[in-house]
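# An overview of the molecular structure
What follows is the residue order along each chain.
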Amino acid sequence: MSNSTTFRVIKIIDDYSLVINGGYMDDITEGEKIEIFLEGEEIKDPYNDNEVLGTLDFIKDKLEVTEVYYRFSVCEKIKKERVHYPSPLTQAFSNGLSGRTETKVSREKLNIDEEEKSGRKKDEKVIKIGDIARVGLSHDDE
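To keep things clear, this report deals only with the structure shown in the data block. (Residues numbered from 1 in each chain as written. Predicted model: local features only at pLDDT ≥ 70, side-chain atom pairs only at ≥ 80, totals over all residues. Heavy atoms only, no water.)

## Thoughts on the nonpolar core
For the record, the criterion: In plain words, nonpolar cores are sets of buried Ala, Val, Leu, Ile, Met, Phe, Trp, Tyr and Cys residues tied together by side-chain atoms within 4.5 Å. For each residue, the accessible area found with a 1.4 Å probe, counting protein chains only, is set against the maximum for its type, and the residue is called buried under 20%, exposed over 50%, and partly exposed in between. Only DSSP runs of H or I reaching four residues or more are called helices, and only runs of E reaching two or more are called strands; each is numbered from the N terminus. Pairs of residues are marked as contacts when any of their non-hydrogen atoms sit within 4.5 Å.
Of all hydrophobic cores here, the largest spans 16 residues; its most connected members are Val9, Leu18, Ile20, Ile34, Ile36 and Cys75. Among the secondary structure elements, those contributing two or more residues to this core are β1 (6-12), β2 (17-20), β3 (33-38), β6 (58-68) and β9 (132-135). For this core, the element with the highest residue contribution is β1, accounting for 3 residues. The contact partners of Ile36, leaving out residues within four places of it in the chain, are Val9, Phe58, Ile59, Lys60, Asp61, Leu63, Ile127, Asp131, Ile132 and Ala133.

What follows is the structure, encoded as structure tokens:
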């Protein structure tokens with residue numbers, strides 16, 4: 001999905017999962033990157049008749065769609081890291097990079113509004129019900 005449709009966080013399931021109000025009907029697919037953000041101030045180009053170029057948004061977090069339903073989706077923060085396992089021979093001589101490399105995938109806790117779960121922590125990056133979400137503009141893996 002490449003348009004500028006926005007969605008909202010409509011449910012915080014637990015420390016690892018939340019629900020947005022976009023799903024299959026909105027062309028959301030499993031694995032899609034989702035940004036939770038605060039819309040920022042308009043940025044104008046003073047050299048081009050003050051043309052509005054967009055908004056300087058504050059990205060609260062970047063999530064991944066893990067389950068897609070007809071009109072909503074479950075999102076989680078997925079962490080991927082490459083882990084190198086040296087071969088026994090490499091371990092014996094401690095040089096070279098032979099062996100195997102795997103990508104380790106794990107879930108990370110979301111930085112959610114604790115009041116909406118069972119308490120509250122005040123922080124600019126706290127995710128709350130009603131926050132705006134969109135398909136990620138940048139698709140780089142972290």
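## Re the packing of aromatic side chains
Note the cut-off: A pair of aromatic rings is counted whenever rings of Phe, Tyr or Trp (Trp by its six-membered ring) have centres within 6.5 Å, and the orientation is called stacked for planes under 30 degrees apart, edge-to-face for over 60 and tilted otherwise. Consider the ring centre and the ring normal. A charge sits over the ring if Lys NZ or Arg CZ is within 6 Å of that centre and within 35 degrees of that normal.
Taken as a whole and assessed by the stated rule, the structure comprises 2 aromatic pairs. Relative to Phe72, the ring of Tyr69 lies with its centre 4.5 Å away and its plane at 15°, an arrangement referred to as stacked. Note on Phe72: relative accessible area 34%, which makes it partly exposed. One residue, Arg134, lies across the ring of Phe37, its end atom 3.9 Å from the ring centre.

## Comments concerning the environment of Ile13
Within the fold, Ile13 resides in the loop between β1 and β2. Taking the relative accessible area as the measure of exposure, Ile13 reaches 40% and is therefore partly exposed. For Ile13, the contacting residues outside a window of four places in its chain are Leu18, Val19 and Val74.

## Here we look at the environment of Lys79
Note on placement: Lys79 falls in strand β7 (residues 73-86). Judged by its relative accessible area of 35%, Lys79 falls in the partly exposed class. Along the primary structure Lys79 and Thr103 are separated by 24 residues, whereas in three dimensions their C-alpha atoms are 10.0 Å apart. In contact with Lys79, other than residues within four places in its own chain, are Lys104, Val105, Ser106 and Glu108.

## Remarks on the side chain of Glu64
Mapping Glu64 onto the fold places it in strand β6. With residues up to four places along the chain from it excluded, the contact list for Glu64 reads Gly31, Glu32, Lys33, Val74, Cys75, Glu76, Ile78 and Lys80.

## Here we look at the pattern of salt bridges
The cut-off we apply is this: When a carboxyl oxygen of Asp or Glu lies within 4 Å of a side-chain nitrogen of Lys or Arg, that pair is called a salt bridge.
Tallying each qualifying case throughout the model produces 10 salt bridges. Note that Glu64 is salt-bridged to Lys33, the shortest N-O span being 3.0 Å. Of this pair, Glu64 sits in strand β6 while Lys33 sits in strand β3, and the two are 31 residues apart along the sequence. Ionic pairing is found between Arg134 and Glu35, a salt bridge with its closest N-O pair at 2.8 Å. You can see Arg134 sitting in strand β9 and its partner Glu35 sitting in strand β3, a full 99 residues away along the chain. Of the residues examined, Arg134 reaches a relative accessible area of 12% and is grouped as buried. Classification of Glu35 as buried rests on a relative accessible area of 4%.

This is a description of form; function is not addressed.
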